[in-house]
Every structure is written in C-alpha cells, then in structure tokens.
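These are the residues of each chain, in order.
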Amino acid sequence: MVTSHNFSRSPVEEVMFRFCSENGQSVEEVFPSPYPGWEKIRNQIIHSLELTANNKITTDCILKYTDVFLLTTGDIPGNLILIAPMVPVDIRSLIVQGPVSEINIAGSIENLVINVRYEQNNDKMILVFKASNKDQFTFSRDEMLVWFDTARENIHRIFDAIVTSKLINRIS
C-alpha cells in the first residue's frame, strides 16, 4: 500500500468519490480542503457502500483528487511537472504549452484508468487526478473497496512521478 504524503501543507483542494449501485442510485461525496486524509475518505466510502449497495453489484466508480499549487514569479508551469524515466511515453504529452492539457494512463488493474489534467489559472497550477473504470464494469462491495484503494495508490504513484521537487519543497 502506498503511504500518505507527509506535507506540512497539503496541495489537495478537493477529493471526490462516486459510484452507482445496481439499481442506478448514484452516490457522490466531496471532501473540500483541508484534506481529511485517506482513512476518513475510505471510511466514508465503506459507510456509503453499506448504506447503498447492500452487497449488490455497483458500477461507475470515480475517485478524483484536485491539487492546487501556487505559482511564483518566473514559474513556467510546464517545467514544474517532471516526466520521470519510468513513466510511459504516452504521458509525455502532458507537457504542452497550452493552458489545459490532459492524458489518460492505464491503471495497475483491469478497467482502471487515471486521467491527469493540468491547467494554469492565473497564479495557480491545478492538477486533477481522476481515476475511473474505463468500461461498464460491475463490482461487489468488497471489490469496489479494493478498486478505490488501488485507484488512490495509482494516483499517488503518478503524483510522485510527475510533480517536481521544486513544487514538493513548496508544500513540505
């Protein structure tokens, strides 16, 4: 399991999870800043699954982290994202000079895709990591919890691979 980052100030502006139950009932919860930690979010996912799914099949999973980094004078946002050698070639298109860019990265398990969206908004750089199941895929309650844990781990690994030490030092 990927451990939590230990930043003195979290860049997480918002975390959102969503899923649908077998009967089509959609469950969505948003956790605004300050970041409450994965344990609290995971416990809420468990609680929501217990209330909604009743061990029935669920689908349409999303876990989204929105991170915001303040830019300083002279920052070039595209240079603040590092493409590490272990990152697949297809993610390298993340560094484009436009105001918005995004790329999809296959997750570590079947039907998991991570969409990374980069945007510059005045004096802020916004990175959105959105994990979703890429096809209509059904999960039992226990499988869904594993999916959310794996999605979080994948998001953390991608964050670690692309966010430069210059940005990390600003929040450490």
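A short tour of the structure in this document, coming up. Note that the structure is predicted; figures quoted are calculated from it, not measured.

## Examining helix α1 (residues 38-52)
Residues that lie three or four places apart on an α-helix share one face, since the helix turns once every 3.6 residues.
Consideration 1: For α1, built from 15 residues, the straight-helix expectation of 21 Å at 1.5 Å per residue is met to within 8% by its first-to-last C-alpha distance of 21 Å.
Consideration 2: Within the span of α1, buried status applies to W38, I41, I45, S48, L49 and T52. Looking straight down α1, one finds that the buried residues subtend no more than 100 degrees of arc, so they occupy a single side. Facing away from the buried surface of α1 by more than 90 degrees, the exposed residues are E39, K40 and L51.
Consideration 3: Lining the buried residues of α1 we find β1 (12-21), β2 (26-32), β3 (58-70) and α2 (141-162).

## Considerations on the nonpolar core
Here is a general trend for soluble globular proteins: nonpolar side chains tend to be buried in one another's company.
Consideration 1: If you look at the biggest cluster of nonpolar residues, it comprises 41 residues, and the most contacted ones within it are F17, L63, V116, F129 and F148.
Consideration 2: The element contributing the most residues to this core is α2, with 10 residues.
Consideration 3: The residues contacting F17, other than those within four sequence positions of it, are V27, E28, E29, F31, I41, Q44, I45, S48, I62, L63 and F148.

## Topic: the packing of aromatic side chains
Consideration 1: Throughout the structure, instances matching the rule amount to 8 aromatic pairs.
Consideration 2: With centroids separated by 5.1 Å and ring planes inclined at 90 degrees, the aromatic side chains of W147 and F148 adopt a geometry described as edge-to-face. When sorted by exposure, W147 lands in the same class as F148, which is buried.
Consideration 3: Among the aromatic side chains, those forming a connected cluster through ring pairs are F17, F19, F31, F139, W147 and F148.

## Observations regarding the pairing of strand β6 (residues 124-133)
Consideration 1: Within β6, 8 of the 10 residues are buried, leaving the element largely enclosed by the surrounding structure.
Consideration 2: In this sheet, β6 lies alongside β3 in antiparallel orientation, the contact comprising 9 bridges. Following the sheet pairing, K64 is matched in β6 by K130.
Consideration 3: Judged from the 10 bridges that link them, strand β5 (residues 112-121) and β6 form a sheet pairing that is antiparallel. Bridge assignment links L112 to a residue of β6, and that residue is N133.

Definitions and limits used
Residues numbered from 1 in each chain as written. Predicted model: local features only at pLDDT ≥ 70, side-chain atom pairs only at ≥ 80, totals over all residues. Heavy atoms only, no water. Helix = DSSP H or I, 4+ residues; strand = E, 2+ residues; numbered from the N terminus. Expected span 1.5 Å × (residues − 1). Buried < 20%, exposed > 50% of the residue type's maximum accessible area, 1.4 Å probe, protein only. Arc of directions from axis to C-beta. Contact = heavy atoms within 4.5 Å. Core = buried A, V, L, I, M, F, W, Y, C linked by side-chain atoms within 4.5 Å. Phe/Tyr/Trp six-rings, centres within 6.5 Å; stacked < 30°, edge-to-face > 60°. Pairing = 2+ DSSP bridges.

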